[in-house]
Amino acid sequence: ERRTDRPRHATVVMCGSAKGGVSKTTSALCIAYCLLAQGSKVLLIDCDSQGSATVHLGYSPTQMDQMEVERRTLYYALADDRPLADYIIQTPEPRLDLLPAFMSLADADVELALGKLAPLRQRIGEVRNQYDFIVLDTAPNLGAVTVSALEASDLLLVPCQTEALALVGLRNVLHSLENLRRRRNPGLRMLGILPTLFSARLTQDQATLEDLRRGYGDRYRIFDPIPRATVFAQAAASGVIPLAAVKNIPGRAVFEEIAAAARAAAKEMKAHVA
Ligand code: ADP
Ligand code: MG
């Protein structure tokens, strides 16, 4: 690790939706990886008490239990007042750091709402000058932790499964997210909607993709779909997703495009500030 680091000002990218199983975690990891591959220094913050992103980066439940015992997960970062850097782990992947989460974070929804925890934005502020991008993987709900993540974010990507009826759910999710944005973080920009788990052979999936483009294409950028492919599940099972596997995954070009879009938006926002 080079320590001749220039000062940075991280752009915070959130991967979010109130729905589960839509490839939020997978997308967050793939985008983080593409940002790394483009030379950025990245902090991934796991904002889900299920700890999927932490698991995907190769940490076992035993190791995660140990992190909890040592009070080194996101919940404790919000509850205790050690410097944020104390909670951050260097992953084996160069330039990728992780702030892990696990079961303790489940208590944060109530405690954040009661004002007992530090808002994520405040904590992130401490390390913003050390990263180019901070990627937030969020839980499948719009609880206080997710809202806190939203308040801390500059850019939002909403993954959406291309199955039948997905658009009914998406309509609700976007409605809630837009309301939250208006009230809590008007500066938040929508990066776009990412259609996921797409089976090109299924006419139903194609119809859903069409509907998505027709219904939302005027307001949001709709990225090309990420195909449903077993390599994602296999990589997840082996605990190496997607850092090693992502090089060969179908849809890599799309993740690269999202990373590039995040980079462009970051540049634009910084020009605005300067
Ligand atoms: P979320 O974070 O929205 O709950 P995940 O990223 O954890 O979603 O994905 C849910 C499940 O689907 C995981 O088992 C993951 O490995 C699998 N998965 C994600 N994306 C794909 C894909 N493009 N093709 C096949 N399986 C996928
Ligand atoms: Mg997840």
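In case you missed it, the structure is sitting above this.
For every chain, the first residue of the written sequence is number 1, and numbering continues from 1 along that sequence. The lettering of chains begins at A and the numbering of ligands begins at 1, in the order of writing. Residue-level local features of this predicted model are given only where pLDDT is at least 70; pairs of side-chain atoms are given and counted only at 80 or more, and the full residue set underlies all totals for whole chains, interfaces and linings.

(A) Molecular detail of the packing of helix α1 (residues 24-37) against helix α11 (residues 252-273). Closest axis-to-axis distance for the α1/α11 pair is 8 Å, and the angle between their directions is 70°. In terms of axis orientation, α1 runs roughly perpendicular to α11. As for how α1 packs across α11, the hand of that crossing is right-handed. In this structure, α1 contributes C30, I31, C34 and L35 to the contact, and α11 contributes F255, E256, I258 and A259. Residues are grouped as follows: nonpolar covers Ala, Val, Leu, Ile, Met, Phe, Trp, Tyr, Cys and Pro; charged covers Asp, Glu, Lys and Arg; every other residue, Gly included, is treated as polar. Split by residue class, the contact of α1 with α11 holds seven nonpolar, no polar and one charged. Axis geometry follows a simple rule: fit a line to the C-alpha atoms, using only the stretch in contact for helices, then measure angles between N-to-C directions, giving values from 0 to 180 degrees. Working definition: helices are DSSP H or I runs of at least four residues, strands are E runs of at least two. Numbering for both runs from the N terminus. Angle categories: roughly parallel below 35 degrees, roughly antiparallel above 145, roughly perpendicular from 65 to 115, and oblique for all the rest. Handedness of a helix crossing follows the sense of rotation of the near helix relative to the far helix, less than a right angle counterclockwise being left-handed and clockwise being right-handed. Note that contacts rest on C-beta atoms placed from the backbone: two residues are in contact if these are within 7 Å.

(B) Spatial organisation of the nonpolar core. By size, the foremost hydrophobic cluster in this structure holds 83 residues, and its most contacted members are I31, A32 and V135. Among the elements that take part in this core, α1 stands out by supplying nine residues, more than any other. With residues near it in sequence (within four places) discarded, I31 still touches V13, V135, F255, I258 and A259. Linking buried Ala, Val, Leu, Ile, Met, Phe, Trp, Tyr and Cys residues through C-beta atoms within 7 Å yields a set, and such a set is a nonpolar core. Put plainly, a residue is buried at 20 or more neighbouring C-beta atoms within 10 Å of its own, exposed at 12 or fewer, and partly exposed in between, counting only other residues' C-beta atoms, which are placed from the backbone.

(C) Structural view of the site of ligand 1. The criterion for a residue being near a molecule or strand is a backbone-placed C-beta atom within 6 Å of that molecule or strand. Near ligand 1 there are 17 residues, and of these S23, K24, T25, T26 and F232 occur at the shortest range. Among the elements of the structure, α1 and α10 (230-238) are those that each provide at least two residues to the shell around ligand 1. When its residues are assigned to classes, the shell around ligand 1 shows eight nonpolar, seven polar and two charged.

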